[in-house]
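# An overview of the molecular structure
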Amino acid sequence: MTRFKVFLLFMLIANVVSAQTRQLNGLVTDASNKGVPSATVKVKGSKIQGLTSADGKFTLSVPAGNIVLEISSIGFEPKEVAVATTDNSVSVMMTSTSTALSEVVVTALGIKREKKSLTYATQQVGGDELTKAANSNFMNALSGKVAGVNIATSNSGAGGSTKAVLRGSKSLTGTSEALYVIDGVPLVNNKGSQPGSYGGTDAGDGLSAINPGDIESISVLRGASASILYGSQGANGVILITTKKGKPGKATVSINSSTVFDQVSGLPDFQYKYGSVGGDYSWTPPPSGTPGTALVNAKSPIANIKSDNYQKGYIKDFFRTGVTATNSVSISGGGEKTTAYFSYANTSSTGVMPTNTYGRNQFSFNQSTKLLNDKIVVSSNIMFSSEKSHNRPGAGYYNNPLTGLYLFSRDRDFNKYKQNYSIFDTARNMPKMNWYSTEEKQNNPFWELNSDSKLQTSNRVIADVKISYEIAKNFNFQVRGNIDYNDVILDNRYAADGNSVSVSPNGTWSYTSYTDKALYADGILTYDNTFGNFSLTGLAGVSYQKNNFNDGMNVGNGTTSLRYPNFFSFSNMPSNVIFNKTLNRSLKQGAFGDLTFGFKEFLFLDVSARNDWASTLALTGNQSYLYPSAGLSAIISQMVKLPEVISYFKVRASLTQTANEVPFNVVAPQNSIGSGGTINRNTQVPFTNLKPEKIVASEYGTDLRFLNGRIGLNFTVYKDVSTNQFLTLSAPSGSGYTFYYVNAGKIVNNGFEFTVDADVVRNSNLIWNTAFNGSRNKNKIVELIASNPKYVVGGQDEGFDSRIMAGGSFNDLWIYKFARNNAGQIILDPNTALPTKAQDETKVGNVNPNFLLGWNNNFTYKNFFASVLVDSKFGGVAFSKTEAFLDSYGVSQRTADARDKGSIPINAIMGTTAVTSIDPYTYYQTVGDRNRIMEPYVFSRTNVRLAQLVFGYTFRSQKANPVFKDASVSLIGRNLFFFYKKAPFDPEQAMSTNNSMQSNDVFSMPSTRSIGFNVKFTF
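Residues numbered from 1 in each chain as written. Predicted model: local features only at pLDDT ≥ 70, side-chain atom pairs only at ≥ 80, totals over all residues. Heavy atoms only, no water.

- Going by what an unreviewed UniProt entry lists, the chain is known as SusC/RagA family TonB-linked outer membrane protein and is assigned to Ginsengibacter hankyongi.
- According to the UniProt record, the Sequence similarities (unreviewed entry) comment for the chain is "Belongs to the TonB-dependent receptor family."
- Heading Subcellular location (unreviewed entry) of the UniProt record for the chain holds this comment: "Cell outer membrane". (UniProt positions renumbered as here; feature names shortened; annotations may be inferred.)

## Some details on the overall build of the chain
- Summing up its helical and strand segments, the chain has 13 helices and 53 strands in all.
- By the compact-globule yardstick of 31 Å for 1019 residues, the chain fits well, its C-alpha radius of gyration being 32 Å.
- If you line up the chain on its principal axes, its C-alpha atoms span 105 × 90 × 65 Å.
- Sorting the 1019 residues of the chain into buried and exposed places 52% on the buried side.
- Within the chain, residue pairs in contact and separated by at least 24 positions form 70% of the contacts whose partners lie at least 6 positions apart.
- Total accessible area on the chain is roughly 43,300 Å²; 56% of this is exposed by carbon and sulfur atoms.
- The centroid of the 95 positive side-chain charges in the chain is displaced by 4 Å from the centroid of its 74 negative side-chain charges. (Helix = DSSP H or I, 4+ residues; strand = E, 2+ residues; numbered from the N terminus. Rg over C-alpha atoms; globule rule 2.2 N^0.38 Å. Buried < 20%, exposed > 50% of the residue type's maximum accessible area, 1.4 Å probe, protein only. Contact = heavy atoms within 4.5 Å. Areas by Shrake-Rupley, 256 points an atom, 1.4 Å probe, with all protein chains shown as cover. Lys, Arg positive; Asp, Glu negative; His and termini not counted. Charge placed at Lys NZ, Arg CZ, Asp CG, Glu CD.)

## Topic: the sheet that holds strand β12 (residues 162–166)
- Across the sheet, three strands lie side by side as β12-β11-β51; this open sheet has mixed pairing. Across the chains shown, the open sheet's two edge strands, defined by having one partner strand only, are β12 and β51 (989–990).
- Alignment of strand β11 (residues 149–154) against β51, held across two bridges, turns out to be parallel. The partner of Ser154 across the bridge, within β51, is Ala990. (Pairing = 2+ DSSP bridges.)

## Observations concerning helix α12 (residues 893–901)
- Looking at α12, one finds that the buried residues are Thr895, Ala896, Ala898 and Arg899. Across the axial projection of α12, the buried residues extend over an arc of 160°, all falling on one side.
- On its buried face, α12 sits against α11 (881–888), β46 (904–910) and α13 (920–924).
- Phi turns positive, to about 90°, at Gly902, one or two residues after α12. (Arc of directions from axis to C-beta.)

## Observations regarding the sheet that holds strand β42 (residues 842–846)
- Taken together, four strands build an open sheet; the order of strands is β38-β39-β40-β42 and the sheet is antiparallel. For this open sheet the edge positions go to β38 (792–793) and β42, each flanked by a neighbour on one side alone.
- Note that strand β40 (residues 812–815) and β42 share four bridges and pair antiparallel. Across the sheet, Asp812 pairs through a bridge with Asn846, a residue of β42.

## Considering the nonpolar core
- The biggest cluster of nonpolar side chains holds 67 residues, and the ones touching the most others in it are Leu405, Tyr406 and Leu828.
- Here Tyr406 is in contact with Leu267, Pro268, Phe270, Ile315, Phe319, Thr882, Leu886, Val891, Phe1003 and Pro1006, once residues within four sequence places are set aside.
- With 32 residues, the next largest nonpolar core counts Leu221, Tyr230, Ala614 and Ala659 among its residues. (Core = buried A, V, L, I, M, F, W, Y, C linked by side-chain atoms within 4.5 Å.)

## A look at the side chain of Asn391
- Mapped onto the secondary structure, Asn391 falls in the loop between β21 (376–390) and α7 (401–407).
- Classification of Asn391 by relative accessible area gives buried; the value is 6%.
- Only 2.9 Å separates the side chain of Asn391 from the side chain of Thr355, close enough to count as a polar contact.
- Setting aside its immediate chain neighbours within four residues, Asn391 contacts Thr355, Asn356, Leu449, Asp452, Ser453 and Lys454. (Polar contact = N/O pair within 3.5 Å; in protein donor to acceptor, adjacent residues only side chain to side chain.)

## With respect to the domain arrangement of the chain
- What the domain assignment lists for the chain is domain 1 (21–93) and domain 2 (104–265 + 320–399 + 452–811 + 847–876 + 941–1018).
- One C-alpha centre belongs to domain 1, the other to domain 2, and the line joining them spans 43 Å. (Domains from an automatic or database assignment.)

## Considerations on a nonpolar patch on the surface
- On the surface, a cluster of nonpolar side chains totalling about 620 Å² of accessible area is made up of Val465, Ile467, Tyr469, Ile471, Phe475, Phe477, Val479 and Leu525.
- Counting only elements with at least two residues in the nonpolar patch, the list comes to β24 (453–470) and β25 (475–494).
- One can find Tyr469 in strand β24. (Patch = residues over 30% accessible without salt bridge, like charges linked within 9 Å, V, L, I, M, F, W, Y side chains within 5 Å. Salt bridge = Lys/Arg side-chain N within 4 Å of Asp/Glu carboxyl O.)

## Examining the side chain of Thr40
- Mapped onto the secondary structure, Thr40 falls in strand β2 (residues 40–43).
- What makes Thr40 buried here is its relative accessible area of 13%.

## Concerning α11
- With respect to burial, α11 is a largely interior element, eight of its eight residues being buried.
- What α11 keeps buried is the set Lys881, Thr882, Glu883, Ala884, Phe885, Leu886, Asp887 and Ser888.
- Its buried side turned inward, α11 meets α7, β45 (877–880), α12, α13 and β52 (1000–1001).

## Comments concerning the packing of aromatic side chains
- Following the criterion strictly, the structure yields 51 aromatic pairs and no others.
- By way of ring pairs, the aromatic residues Tyr272, Tyr314, Phe318, Phe319, Phe408, Phe414, Tyr417, Trp435, Tyr436 and Phe446 are connected into one cluster.
- Over the face of the ring belonging to Tyr397 we find Arg930, whose NZ or CZ atom lies 4.7 Å from the ring centre. (Phe/Tyr/Trp six-rings, centres within 6.5 Å; stacked < 30°, edge-to-face > 60°. Lys NZ or Arg CZ within 6 Å of the ring centre and 35° of its normal.)

## Some thoughts on empty space enclosed by the protein
- Tallying each qualifying case throughout the model produces 13 cavities of 30 Å³ or more.
- Approximately 930 Å³ is the volume found for the largest cavity.
- Forming the walls of the largest cavity are 48 residues, and the residues nearest its centre are Asn140, Thr153, Arg974, Gln989 and Thr1008.
- Of all the secondary structure elements, the ones that give two or more residues to the lining of the largest cavity are α4 (138–142), β11, β17 (249–264), β19 (338–350), β44 (864–874), β49 (943–956), β50 (966–981) and β53 (1008–1018).
- Within the lining of the largest cavity, the residues separate by chemical class into 12 nonpolar, 28 polar and eight charged. (1 Å grid on protein atoms, 1.4 Å probe; cavity = no way out; pocket = protein on both sides within 12 Å on 5 of 7 lines; lining within 4 Å. Points joined across faces, edges and corners; volume = space filled by probe spheres on them. Nonpolar A, V, L, I, M, F, W, Y, C, P; charged D, E, K, R; others polar.)

## Here we look at the pairing of β53
- Bridge analysis of β17 against β53 gives 11 bridges, and the strand direction is antiparallel. If you follow Ser257 over to β53, its bridge partner there is Val1015.
- Across nine bridges, the pairing between β50 and β53 is antiparallel. The residue of β53 that forms the bridge with Ser968 is Lys1016.

## With respect to unusual backbone geometry
- Although it is not a glycine, Ala134 sits at a positive phi angle of roughly 60°.
- Counting through the fold element by element, Ala134 comes out in the loop between α3 (127–131) and α4.
- Given a relative accessible area of 14%, Ala134 falls into the buried group.
- Despite not being glycine, Leu707 has its phi angle at roughly 50°, a positive value.
- What makes Leu707 partly exposed here is its relative accessible area of 46%.

## A word on the pattern of salt bridges
- With the rule as written, the count across this model stands at 33 salt bridges.
- Note that Lys873 is salt-bridged to Glu988, the shortest N-O span being 3.1 Å. Taken together, the residues Lys873 in strand β44 and Glu988 in the loop between β50 and β51 connect sequence positions 115 residues apart. Assigned by exposure class, Lys873 and Glu988 land together as buried.
- Through salt bridges with shared partners, a single network forms among Arg167, Arg222, Lys650, Arg652, Glu699, Asp703 and Glu753.

Next comes the structure, spelled out in structure tokens:
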């Protein structure tokens, strides 16, 4: 009886389920009525989906009520089809993207245009690509995913600065960095001070104020033709950020939480078994009077101080596991007339360097309202960011914990100085640093961490409002205004009784307070219409921009003693220290226009122009300057019949003339107030005939799609010629000035870029998308001063020289090599056997890579997803002064290996005697340290790394009224390991993001490996 009841219940359930579903048959075809195979057919709002057969047919078991089908396939526009309850079959005709070509991209000024009409290269990256690995800086997440962008990331940790260069360096005085634009409005990205060989700390930039979670997409406009409407600001290309907006419908709430753990992964190789003779260097010198002949062609005669019981592991243990936690929430929704979006994000980070912390709070709110039958749209946006960093790691010799940590004499007790980093100075009744060395480079690292404080705060507001009015069906006018305000404080305090070379006896205080304020407004009239076979799209506008940057003051006593120790106040500053007023002010007005003529939707001619009036060129007669641009694109696949394998073929070309920004205070520099209230007279001849730097850019490219859009290729070649550089020459004697500027020089950048993307696998269970991004740029300094071919920009930096001169390239590296005879043998001093240094510096390469290549992969298998990014840079050189110091102090593993062997192989000559080996101490007293022979410390920059790995699972609710729409959890990894690297440090972790110090290491932070997890809920 019981079994019979179970059977009846089963039959009842089956009948109910059967009554709630029905069988739907369908056919999916293209425009020529051919079946579309492997198209995905899905019931909207459910997990019910299937694939079409080879002839485009499908059968699905669907709910009994009204439903909506979502049909998608590679090479076709996605389509939604409503299916009524009574329909048991449906036919759907898909529109091919290769013929409709309706892909829309965001271009200059935030204007959306059809990609087919563009005459220049552009690439777009979705916001999900920027956040999937939980990067706190969106530009770090862009590296390897876009062609032609060379990104250098500061190794100072969270909140650090970034350098992004598109198509090579073009300016001797500017940064050559791309312009950042957010929702069509230029974004202020002022970069703070950067470290050098003598020390310093990265003061960050403006990009950290942007919440990566608020970004909908990023468009990279690589060439001048793409960015000409921004004028001279966009001369180096544009990175255009489009933020998320509210969408009509039920409110959507997204909660995201990520935690990432950082561990040091790129420490130098150290030795811990050879000690010192009581000094700073872990070497044992040869006995006094040892002849040079005893130090070559034999085992070293030195009895090294050595022990296997020296303390080990303290360098690695010095660093901690860094933790970065980011928690955010966003709310989006609205009705037919008004939509809104709100977000809040908090980032809290503790760096791998002890005592380093960083905190950030970000708010964003935007809304859009339609009025007067939708003819008027009023939208507004406000973003607020508050940042605070404490003890951000620096680099260089001075006030850097790493110098004392790395160079510590191996025979001493490190724990003694860790536990007692300060001792009481009874004479001064105050603590003082406890350290064995008095060298200017060295401090007790724990004194540096706990007694020397570096604080930076930033509070920034970006607000804008836009009103758009539809004048007529094809006419639209918009006006918008924007304010960007940032309040910055930098407060660095170095305690008394520290290192007497870099800190005054009573302590050193460096204080800076300033505001950046930018006002921007524009008005744009747009027109878009079709006349039979012809189309016309145009815009005309004007813009106004007023910048007051660095409006504030700074003061620092340096090594001039404060009045009282460790009292950091303006009233305690010595009387001969000047409080400096700072200001950088400019005003620019512009008028611009663009016309695109189309014929039969396959031939497009684009002409653009912009004229700027710049205050920085006032009094020169050249304050008004014009940029023209012209481009042509043709859709060959619509003009002629091509083989079926080619589904889309476009060619394009453009020619543009633009200019680079003119610096503030160059035409007629102001005098300044010096010590004691004296006037420091300007020593520069007024530059009353100044012209802006001119750039003539040309590019040619093609876009192809194959196999019905499944494989794509984008290829571009370009050439940029920059002239009218700002160069200085010595003023004539007796003129009352020391130097003057001239417009001169010619710099050429040429190269190519490509992207290859493919849907390798796509079915109902598995999707694999892959993309390669590659580029090569060749920079050439054709000429600087024609009458002086030996004119050089740049100079010595204690061991290396980043030199710019005619015939060379930006960031050429020059160093002193060994002196050699004509046979290539190193010349040794005949008395001491010391290797000798060449008389002049030698160019040993360029720090810029020859070729960039990124390989990005995204996988989806049912509810699982994964992402793999391999990032690589080929060619170029890297230089490490850190390694030179480690060798000089005898603390590197290579010096221990040499002492173990008793000698170093060498191809040298001493007098007339050939030398095949040399004593390690003798060798490294000439090689290493600073201002010595740096030939052994130049390395290949080539590196290939697993830059990103993400693996996760998406939970989708099947309930009618689910608690959440979906949720996902993922494991993330960044900078996990190198497939190939020869340099002893990570050359992509920038010590500085200025023009110099690229791929250079002077006691900069070691690279880190990041592993963490991310959790996301959508309600």
